[in-house]
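In case you want the letters, here they are:
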Amino acid sequence: MKLNKNAILSGFCACLGSCFGKLSSIVTVENNAILYTITSINIALMLLFNGLVWTFFVKALQSKDCNTATATVTSSGANYILSALLGWLIFGETNCGLYWFGIFLIIIGLAIINKSDESPKFEEKLKKN
């Protein structure tokens, strides 16, 4: 199964962008100057990573070995898995079994899509006949 590294990086950057966005809204510090500095840095990092999401996603779409569905599912799957892990590590969040079952279905779908990409194309089969 071939996974596109740009699609994975897109999902990773989406996860980090969300993480910094959440951090910008929950920071509490008594000193307003420090609060505004930390919040501004988090917002800047959120914007940076959101820009990188689209940069890597477009590169994944332009890749010869990755179609639109594969790029989308790979990016989304990486984002969901990494978001769950970072949410647990940084924010102490927990996810129910249904969430993990959904991620499992995404991974199975990705495997099916990638498996069908490895088979000869319909047009190629017609040309041979």
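Residues numbered from 1 in each chain as written. Predicted model: local features only at pLDDT ≥ 70, side-chain atom pairs only at ≥ 80, totals over all residues. Heavy atoms only, no water.

This part takes up the overall build of the chain. On a plain count of helices and strands, the chain comes out with five helices and zero strands. Across the 129 residues that make up the chain, the buried fraction comes to 27%. For the chain, contacts bridging at least 24 residues in sequence account for 75% of all contacts bridging at least 6. As displayed, the chain offers around 8,500 Å² of accessible surface, 67% of which is attributable to carbon and sulfur atoms. (Helix = DSSP H or I, 4+ residues; strand = E, 2+ residues; numbered from the N terminus. Buried < 20%, exposed > 50% of the residue type's maximum accessible area, 1.4 Å probe, protein only. Contact = heavy atoms within 4.5 Å. Areas by Shrake-Rupley, 256 points an atom, 1.4 Å probe, with all protein chains shown as cover.)

Within the secondary structure layout, asparagine 6 lies in helix H1 (residues 5–26). Apart from the residues within four sequence positions on either side, asparagine 6 is in contact with Phe56, Phe57, Lys59 and Ala60.

Next up on the list: the packing of H1 against helix H3 (residues 68–91). In the contact formed by H1 and H3, the axes pass within 7 Å of each other and the chain directions differ by 35°. The handedness of the crossing between H1 and H3 is right-handed. On H3, the residues that touch Ala7, Ile8, Ser10, Gly11, Phe12, Ala14, Cys15, Leu16, Cys19, Lys22, Leu23 and Ile26 of H1 are Ala71, Thr74, Ser75, Ala78, Asn79, Leu82, Ser83, Leu86, Ile90 and Phe91. Tallied by class, the residues present in the contact of H1 with H3 amount to 15 nonpolar, six polar and one charged. (Axes fitted to C-alpha atoms, helices over the stretch in contact; angles between N-to-C directions. Left-handed = near helix turned anticlockwise from the far one by under 90°. Nonpolar A, V, L, I, M, F, W, Y, C, P; charged D, E, K, R; others polar.)

Moving on: the state of the cysteines. Per the counting criterion, the structure on display carries zero disulfides. Here cysteine 19 is not disulfide-linked; the sulfur of cysteine 15 is the nearest cysteine sulfur, at 6.4 Å. (Disulfide = S-S within 2.5 Å.)

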